[in-house]
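# Commentary on secondary and tertiary structure
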Amino acid sequence: MEGSGERSVGSGAGRGASAAGSGHGTPGVAGTTLASAASRTSAISRTSEGGRSSSRRGAPPDPPRVAPLRQWIRDEARRKSDEERSHRGAGAARDAIGIKHRSLIRKVTVAYSIAELLVYRRRDGAAKGEGGDGEAGAGNGRGNGGDGSDVKSEGSGKDNDEGNRSDNGSGSVSGNSSVSGREQERDFGADDFAVLLAPTDASWMDVEGVRTTTTSVVSKSPLSVRVSEPFYVRDLAEDDDRGGRTGRYLEAEISIGGDAAAERDSEREAGRGGGDDRRSFGALLHELISGARPLPPPSASDAIGADSTGGSWNSTEVRRDDKKRRGESRGTAAPRLRELGHPSSLCRMTSDLLNGSYRSLEAVRDDLHLMLRDPDCFLFDAEDAPPPAADAPSGEAYGGGAKGPRTRKDKLYGREEEAAMITDAFCRVSAGEDAAFFVGGYSGSGKTMLVQSLIARVEVSGGYVLTQKIDQISRDRPLLGVLSAFDELCTLIKRKSRPRELLDISNQLGRVFETDCAVLARLLPNVNLLFPQLANLPVELKRNEVTINVHTVSFALQRFVRIVSSRQKPVMLFYDDLQWATSPTLELIEALLTDARGASCFFFVGSYRDNEVGKDHPVLDLIAALESHSVHTTKLSLRGLRQGDLNTMVAEMLGVLPRLCRTLSDIVYEKTQGNPLFALEFMRSLVESRLLTYSLRDRQWIWEEGRISQEDITDNVLYLLTAKMKSFPENVQSALKVLSCFGIRTIESIVNYLSSTAQYPDLRQCLDDGIRQGCLIKAGSEFKFVHDKVREAVYGLIPQAEKKKFHFDMGMLLYSATKGKELGSTIYPIADQLNHGTPSSIQPDMRMDITKLNFKAGSSAMNSDFATALSYFNHALELLEQVEGHWSSHYELCLQLFFLHAKAAYSCGNIEKAYDSLRKIVERGRCMKDKLDAYYFYATILNACEESNGAYTLCEEVLSQLEEEVPKSIDKKTLMGMMTKTGQMLAKTSAEDLLKMKEIDGAHRTSMKFFTFMLSISYWIKPEMMPYFCCRVVQLSLEHGLCEDSVVGIDQYAGVLLEKCKEIPAIREACRVAKAAMTLHRERYDSSEIVPRLYFGFVGHYFEPMKVCADSLCKGFAVGIAVGDAATAFYNTIRLNLVGMLAGVNLKTLLEELDRHAEAMTCLHVKIAKNSHMIQRETLLILLDSGHSTGSLAGEDDMPSIRDPIHEKAVIIHKLLQSFWLGYSQRTDHYAKKALGTFGGMTRLVALFYAALNAFRGIKNRNGIGSIFIKAKSLYEDAIAELRVAAEICPVNYRNKVHLLEAEMGSFEKKNDDAQGEDGMIAWHVVSQRDFDTFMSSPPDPLFDDVASYAAAITSSRTSNLMHEQALAYEHAALHYKRIGETQMSLDFFMQAKSCYKEWGSNLKVKNITQQIDRMESEIHRPTDE
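Residues numbered from 1 in each chain as written. Predicted model: local features only at pLDDT ≥ 70, side-chain atom pairs only at ≥ 80, totals over all residues. Heavy atoms only, no water.

## A look at empty space enclosed by the protein
A water-sized probe rolled over the atoms picks out the places where empty space is left. Here the structure, examined in full by the defined rule, presents 11 cavities of 30 Å³ or more. Put simply, the largest cavity is a space of about 170 Å³. Looking at the largest cavity, it is lined by 22 residues, and the ones nearest its centre are Ser344, Arg406, Leu654, Gly655 and Arg699. Mapped onto the lining of the largest cavity, the elements with two or more residues apiece are α12 (344-355), α14 (375-378), α23 (643-654) and β15 (700-703). If you tally residues by element for the lining of the largest cavity, the top one is α12, at 3 residues. (1 Å grid on protein atoms, 1.4 Å probe; cavity = no way out; pocket = protein on both sides within 12 Å on 5 of 7 lines; lining within 4 Å. Points joined across faces, edges and corners; volume = space filled by probe spheres on them. Helix = DSSP H or I, 4+ residues; strand = E, 2+ residues; numbered from the N terminus.)

If you want it as structure tokens, here you go:
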């Protein structure tokens, strides 16, 4: 800029962002970053006097060099020639193209700068109100300095018909068809401008703008324009050194020098009909390109062109003679420029400018900027593209050229709003939520491309992207796709994580999957990359003991996703073509998104053809389910592109400016309704029919609109694709047909096997031809159709009547080629081909071979995908049952096949089919040994379906046949004898002795298996028989050897003993036995199947803190779900509620955990779980005071009508807890008596504790006389006596309860009246400050028995982390001090109680304590009577 008086006005070329840059994706050589950067640029930036453009930053640059334009043109020609001479030799052709391209970029940058300057002069003059010609007026049509003629092509979504007509060459601008002599005198040229160059010539791009000269007719005041790339674009490209990016996104800054009067005069002159700038600019552009001015036309009419329509490439006539070619305007410079090798786009622009076909200079400027932004598409000719490098990958993102319309395979057109929607959905995940995004639309509407526009952003943000595509073939393998995706996730995490992150993940996996890691390893083999300890697991994962179904898979993946997905690294799963999805797949996705533990930062994206999804399709059920669970769900339906967006797409395909092909794109839109795939194939079909051809002479595409508009095509892209396929050579068609039988993708090993056969020796070469034809791509070790519609078109070439045979023949070829080889996952596509078309007339031997193949495929799939396994087993059974005498001739195969079929059917929820297969084994089995597995599994299914009585009876019958008689009932004397005998046997056996014992033999192992199963069932339906089964399992173990069931039997025996015993020696012995069972489990049978049945609800409370027991019950539930043991998972969850409350777990946390468990039980169809969950939930809600009135306690008659023994017991204990905490003394007493008459063990101790605390409620006579007081005192004494025993064995759980009861007894016997005295305060201080370990292990101290029992109760509760009982001790201490008149001390204790109850989460008790505090404070402040 010159002079201190210059004024700077920004004129951002960002507003020139045309439709070609409006889409997402790779804008050719302009770089992938430029289009996204351009979208962020403000349209125009203005700076104050002496200021700088917003695109500038840092210190002021050095002043530019100034070169007269005509001199610069000569220098540029010499520079280009010198560079070409210096690059002769190897690679000269490629270098020459690069030199030519860089020179063109510099020239177009100069032309663009001049156009910006001229547009500013016109627009600013018109804005002053000085009038102006039609051209200047049109310049304001865009609102930000743009022109109204190309609104549609620049992404505004609106057409300007008048502009379209003029820009398409259908007419010239009115009022400008001739030029007067006065206007000719005002024409400007190269002498009116100078080029601003960078201070140094270090870079190939040294053009920084232009300025007018002092003698310029353009402006009386000095006028300059500086162009530069915004800093964010420069920064993005600073490392690429312009090596592969010649496109430029420019901002322009106008500067005006001189005084204000001269400036106003210049503006006024510009406002008056100032000549035909377009023609002058055309002549200047001609000179800039070629170095010479255009020759003058022989007449005025030739100045415009003899072809008054302006000439166009979209000819409507058949061109039979080059002399009648309609792409040229006679008398114009275009032919001569083309003959000199200049780009056809600049030739056409020059011709249109000289002919007056451009409506305004604004349109010229925008076209020039479009050339700069995307030179590969709009500036360079296809012939000038550099040859591909030797190592260039196949399938470039930008293909085409002279052979066919070029396509940008990764570019998304016209979906800016939709892309913003999916980005917003992902942002929710990054903020910590789960989210789902569903994209519907017709095939080819761009669903997959839309999702792919997000994938790069997810990966850049640190997230993990998993993709799966379903087709008609793979839909029969529903869970394999999901599991393979998450298995790949393990590899992604390993590759993208730092060592510290991997260590954290490994530690978390170890904690969460501590006891059922084998299940995770079975589902995700690659998880050992994250959790190396799994590599040491034995190969045998006890597959027959673990029932894999959709719930076990869901539960495992839920926990896995919680660990690996986070806000910083969210997981995105994209499932394409959900219209083919089956229920198991969608149920699994629903489980991942509705994890009851809360959001895992999991993002699911699904696409589907909405025209193929009916009202009852499971996809719609999934969407409804997610919405009902309040998962943020977005639904989007894609339709065809808008006409303007399609115009952009067609323009880029043909490499012509959008304004020049708008009529053609309108025809394409009318034919295809804007479907991108349909439009692409329609354009390709035009090339094949030679209605769209590339002129080598003109170096441009030409077309015939009339004939194109008359083309009769269907409204289905399949028609075009099928016609295209039929044009391929027969061998290529055959190869593509083969691949279409395997679905959208085919693994390379299948191709290799087929290539080894005599039928398809050249298969690989033909597939390479398919890749060159654009039908296939090679992705890793897979051949993949570029679109599912392409695959459908190829598959449609096989006659419908021949498809089954085609599949079968393909399968037979593969079977023969792979016989005797280890197939791995290749077995699935081979079996699929045979199953698609097995004829009924097949030979018996071949039928058995196919049966065995399906059996092998199903057995392999049973590891993870039971639904896939069931499909293969169904095919195997169908073939097997056609073989006469198959049970005789193939007995072992029948046993295995029917048993695995039953397991797969049960896992899929098809109970009747499972029963049928098991019955056949029972009926046709040759001996009892062969039937045992079927019997056991039959009993398992009966029990899971809540037919426990039937399961019990079945086990009785089996044991009877094994010569093990089970009594119908057992009397107490016999039972005591068994318990005594078993106790004596165990008394002689230590944990070390158990570890040294041998394994049990086969026959006794079977008996023990059924005894253990009956032990589990008896808890529900015959609790009186539990001791018998415990004793029988222990005796068998000690007499014949150990197995995993021995651990359960010994542990349960200890639990039964603890339920019955009250004496310390017996309890200690029971605890020793239980610990021995746990030692045996840890050191010999560290198996996930045992954990759910180790009942911490019975035994653990005597030797583990309550919170450890609660955690173990949670773990037992998790493992039960993971291994498919619903019954024992249910037991763990119902015990968790009671143990969790006794452990002082936060009530809200406990309620959330139980709700999650209840949801899992509902999914597993465990009906009795609902009843128990209701009573448990009611207790928690009462304590939480969540909408429950304190007077709403239901009686037993108000409970659900469905009864079961476990529920009836649960009602008793929960009614006791509810009554106590609500303060209902009589109800508490009522339920306490029931509980004490029903329960033993831990439940009895709990009932004693609360019954004793409740005993003195409401007793007004505190003198130690009266029957009520005596009865209450007796209850206290009994409770203290039993709790003292428990406290000696496990002080951490029971010592605080003893202290509190002793304090209450002392209070009511008036022994604590002096507790506020000096001795009491000393004792309180000593108890609260004493080392707890010493205090808990020391014998009872008389100093603390009475005076300081409240202090001891509070201190021991706090140290044991029993928050609710700490609050209870504070509350009773407060009541004590209130009774003896120590109001302030009472208030202090009430405040402590309130704080503890609040931390526990009991709003009910917080309100109750607050009311008592308020009453006491009001009494303190009440005025006394004088």
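## Some thoughts on the nonpolar core
Counting residues in hydrophobic clusters, the biggest one holds 386 residues, and the most contacted among them are Leu69, Phe281, Phe486 and Phe560. Once residues lying within four places of it in the same chain are set aside, the contact partners of phenylalanine 281 are Ala111, Ile114, Ala115, Leu118, Phe188, Leu353, Leu361, Val364 and Leu368. (Core = buried A, V, L, I, M, F, W, Y, C linked by side-chain atoms within 4.5 Å. Buried < 20%, exposed > 50% of the residue type's maximum accessible area, 1.4 Å probe, protein only. Contact = heavy atoms within 4.5 Å.)

## With respect to the packing of helix α27 (residues 717-726) against helix α31 (residues 788-795)
Two numbers describe a pair of packed helices, the interaxial angle and the distance between the axes. At a minimum axis distance of 9 Å, the contact between α27 and α31 shows a crossing angle of 60 degrees. Relative to α31, the element α27 lies oblique. For the crossing formed where α27 meets α31, the hand is right-handed. Contact residues: α27 offers Val717, Leu718, Leu721, Thr722 and Met725, while α31 offers Lys789, Val790, Glu792, Ala793 and Val794. Of the residues in the contact of α27 with α31, the class split is 7 nonpolar, 1 polar and 2 charged. (Axes fitted to C-alpha atoms, helices over the stretch in contact; angles between N-to-C directions. Parallel < 35°, antiparallel > 145°, perpendicular 65-115°, else oblique. Left-handed = near helix turned anticlockwise from the far one by under 90°. Nonpolar A, V, L, I, M, F, W, Y, C, P; charged D, E, K, R; others polar.)

## Description of the confidence of the model for the protein chain
Detail in the predicted coordinates should be disregarded across regions flagged by low pLDDT. Within the protein chain, residue pLDDT values average 78, and 75% of them lie at 70 or more. Confidence drops under a pLDDT of 50 for residues 299-331, and excluding neighbours within four residues, the segment shows 71 contacts in the predicted structure. Low pLDDT (under 50) marks residues 1187-1203, which in the prediction has 33 contacts with non-local residues, meaning those over four places away or in another chain. (pLDDT = per-residue confidence, 0-100.)

## Some points on the pattern of salt bridges
Applying the stated rule across the entire model yields 59 salt bridges. Here arginine 1032 and glutamate 964 are joined by a salt bridge, their closest N and O atoms 3.2 Å apart. One end of the pair, arginine 1032, is in helix α44 (residues 1026-1040); the other, glutamate 964, is in the loop between α40 (948-961) and α41 (972-987), with 68 residues separating them in the sequence. The network of salt bridges with shared partners includes Lys469, Asp576, Asp577, Arg609, Glu612, Asp788, Lys789 and Glu792. (Salt bridge = Lys/Arg side-chain N within 4 Å of Asp/Glu carboxyl O.)

## Remarks on the sheet that holds strand β16 (residues 745-747)
Pairing within the open sheet is antiparallel, and its 3 strands lie in the order β16-β18-β17. The open sheet has two free edges, formed respectively by β16 and β17 (776-779), since each of these has just one partner strand. The average undirected angle you get between the axes of adjacent strands in this sheet is 20 degrees. When β17 meets strand β18 (residues 782-785), the two strands line up antiparallel, connected through 4 bridges. Note that in β18 the partner of isoleucine 777 across the bridge is lysine 784. Helix-sheet contacts for helix α29 (residues 748-755) involve β16, β17 and β18, and the interaxial angle to β16 is about 70 degrees. (Pairing = 2+ DSSP bridges.)

## Some details on the environment of phenylalanine 1117
Within the secondary structure, phenylalanine 1117 is located in helix α47 (residues 1106-1122). Separated by 40 residues in sequence, phenylalanine 1117 and histidine 1157 have C-alpha atoms that sit 8.0 Å apart. In contact with phenylalanine 1117, not counting residues within four places along its chain, are Ala1129, Asn1132, Thr1133, His1157, Ala1160 and Met1161.

## Section: the pairing of strand β5 (residues 223-228)
Among the 6 residues that make up β5, 6 are buried, leaving the element largely enclosed by the rest of the structure. The alternating pattern of β5 places Leu223, Val225 and Val227 on one face and Ser224, Arg226 and Ser228 on the opposite face, and all of these are buried. Sheet topology places strand β4 (residues 207-212) next to β5; 3 bridges connect them, and they run antiparallel. By the bridge assignment, valine 210 is partnered in β5 with valine 225.

## Focus on the side chain of threonine 1228
Among the secondary structure elements, threonine 1228 is positioned in helix α52 (residues 1225-1238). Look at threonine 1228 and you get buried, because its relative accessible area is 0%. Within the local environment of threonine 1228, its side chain forms a polar contact with the backbone oxygen of serine 1219, the two atoms lying 3.3 Å apart. Discounting residues that sit within four places of it in the chain, threonine 1228 has contacts with Leu1216, Ser1219, Phe1220, Tyr1250, Asn1254 and Arg1257. (Polar contact = N/O pair within 3.5 Å; in protein donor to acceptor, adjacent residues only side chain to side chain.)

## Comments concerning the sheet that holds strand β11 (residues 571-576)
Strands in a sheet are paired, the pairing made by backbone hydrogen bonds, and the direction either parallel or antiparallel. Strand order in the open sheet formed by 5 strands is β10-β11-β12-β9-β13, and the pairing between neighbours is parallel. The outermost strands of the open sheet, each flanked by one partner alone, are β10 (464-469) and β13 (632-638). Direction aside, neighbouring strands of the sheet carry axes that sit 15 degrees apart on average. Against the sheet, helix α17 (residues 478-496) touches β10, β11 and β12 (602-608), its axis set at about 155 degrees to β10. This element, helix α21 (residues 583-593), spans β9 (435-441), β11 and β12 of the sheet and lies at about 150 degrees to β12.

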